[in-house]
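Coordinate inspection notes
Listed below, chain by chain, are the residues.
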Amino acid sequence: MDKLKVVISNRQKAVKIPTGMNLLIRRCCHAVLVNEKFEGSAEVSVSFVTNEEIKQLNSQYRNKDTETDVLSFPLGENGVYDVNESTGAYLLGDIVISVEKAVEQAESFGHTLQREMAFLTVHSMFHLLGYDHEKGGLESVIMREKEEKVLAELGLTRQASFVV
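Keep in mind that this is a model prediction, so the values were computed, not measured. (Residues numbered from 1 in each chain as written. Predicted model: local features only at pLDDT ≥ 70, side-chain atom pairs only at ≥ 80, totals over all residues. Heavy atoms only, no water.)

1. Remarks on the overall build of the protein chain
For clarity, the threshold we go by: By definition, any uninterrupted DSSP run of H or I lasting at least four residues is a helix, any uninterrupted run of E lasting at least two residues is a strand, and each is numbered from the N terminus. Values of the radius of gyration come from C-alpha atoms, whereas the globule rule sets the reference at 2.2 Å times the count of residues to the power 0.38. For every residue, the accessible area (1.4 Å probe, protein chains only) is compared with the maximum for its type, and the residue is labelled buried under 20%, exposed over 50%, or partly exposed between those bounds.
Across its full length, the protein chain carries five helices and six strands. The C-alpha radius of gyration computed for the protein chain amounts to 15 Å, which stays within 12% of the reference 15 Å derived for 164 residues, consistent with globular compactness. Taking the principal axes of the C-alpha coordinates as reference, the protein chain spans close to 40 × 35 × 35 Å. Considering the protein chain as a whole, with its 164 residues, one finds that 44% of them fall into the buried category.

Here's what the structure looks like:
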């Protein structure tokens, strides 16, 4: 991988984003691309939103009238991506994370918000690269193993997670 540009926008005020979260999100995106031996430069957009906004997006794009934790909007298919004409970077797509849902899930699973946000980012990055767990089976298992490998490399294993 050459260069990675991660554009992060915080479109919610319900949860204060902890210091260092943006760096963690960038590290997660980078780690996935390195693990996947991605070639070339890439751009990714990550947005932090409310439960209400992610519910609207989930309804609009997936016909599911419920809030969810993360949505992925890939701009490529079968390894073919749009290219930013001015930089030559591959446009991988958009990640949308409900920070409210991430807080709920971190508490429910007994780990930090950082670990949950990292998991959601890594999970979504694999979706942007074409992985899909929706049908279950072997592809779902492979995707989960890859996610846990990346999180372990970042020092965020399930066993190492804790509540502050």
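2. Focus on the nonpolar core
Within soluble globular proteins, side chains that are nonpolar tend to cluster in buried spots. This is how the line gets drawn: Joining through side-chain atoms within 4.5 Å is the link that ties buried Ala, Val, Leu, Ile, Met, Phe, Trp, Tyr and Cys residues into a set, and such a set is a nonpolar core. What makes two residues a contact is simply this: any of their non-hydrogen atoms within 4.5 Å.
Ranked by internal contacts, the top residues of the largest apolar core, which has 40 residues, are Val46, Phe48, Leu92, Met117 and Met125. Within the residue set of this core, elements represented by two or more residues are strand S1 (4-10), helix H1 (21-35), strand S2 (42-49), strand S6 (90-98), helix H3 (99-109), helix H4 (113-128) and helix H5 (137-153). When near neighbours in sequence (up to four residues on either side) are disregarded, Val46 contacts Val6, Val7, Ile8, Ser9, Ile25, Ile95 and Ile97. Counting residues in hydrophobic clusters, the runner-up holds five residues, among them Val49, Leu57, Leu71 and Val96.

3. A word on a nonpolar patch on the surface
To keep it simple, the criterion reads: Patch construction takes residues with relative accessible area above 30% that form no salt bridge. Like charges are linked within 9 Å, and nonpolar side chains (Val, Leu, Ile, Met, Phe, Trp, Tyr) are linked within 5 Å. Note on areas: Shrake-Rupley with a 1.4 Å probe; residue coverage comes only from the protein chains shown. We count a salt bridge whenever a side-chain nitrogen from Lys or Arg sits within 4 Å of a carboxyl oxygen from Asp or Glu.
On the surface, a nonpolar cluster with roughly 270 Å² of combined accessible area is contributed by Leu138, Val141 and Ile142. Looking at the secondary structure, you find Val141 in helix H5.

4. Examining the packing of H1 against H4
Geometry of a packed helix pair, given as the angle between the helix axes and the separation of the axes. This is how it is decided: Angles shown run from 0 to 180 degrees and are taken between the N-to-C directions of axes, each axis being a line fitted to C-alpha atoms and, for helices, limited to the stretch in contact. Helix crossings fall into two classes, left-handed where the near helix is turned counterclockwise from the far one by less than a right angle and right-handed where it is turned clockwise. Three classes are used, and their members are as follows: Ala, Val, Leu, Ile, Met, Phe, Trp, Tyr, Cys and Pro are nonpolar, Asp, Glu, Lys and Arg are charged, and the others, Gly among them, are polar.
Viewed as axis vectors pointing N to C, H1 and H4 meet at an angle of 35°, and their least axial separation amounts to 9 Å. Between H1 and H4 lies a crossing of right-handed hand. Seen from H1, the contacting residues are Met21, Leu24, Ile25, Cys28, Cys29, Val32 and Leu33; seen from H4, they are Leu113, Gln114, Met117, Ala118, Thr121, Val122, Met125 and Phe126. Looking at side-chain class alone, the contact of H1 with H4 contains 13 nonpolar, two polar and no charged residues.

5. Description of the environment of Glu139
This is how it is decided: Whenever a nitrogen or oxygen atom comes within 3.5 Å of another N or O atom, the pair is scored as a polar contact, on the condition that within protein one atom can donate a hydrogen and the other can accept it, and that pairs from neighbouring residues in sequence are kept only if both atoms are in side chains.
Its place among the elements puts Glu139 in helix H5. What Glu139 contacts, discounting residues up to four positions off in sequence, is Gly130, Tyr131 and Asp132. At 3.3 Å, the side chain of Glu139 and the backbone nitrogen of Asp132 are in polar contact.

6. Here's the deal with unusual backbone geometry
Even without being glycine, Lys37 reaches a positive phi, approximately 55°. Residue placement: Lys37 occurs in the loop between H1 and S2. Owing to a relative accessible area of 67%, Lys37 belongs among the exposed residues under this scheme. Despite not being glycine, Asn78 has its phi angle at roughly 55°, a positive value. Tracing the backbone shows Asn78 in the loop between strand S4 (76-77) and strand S5 (80-83). A residue is classified by how much of its surface remains accessible, and Asn78, at 75% relative accessible area, is exposed.

By themselves, these observations are geometric and do not establish any function.
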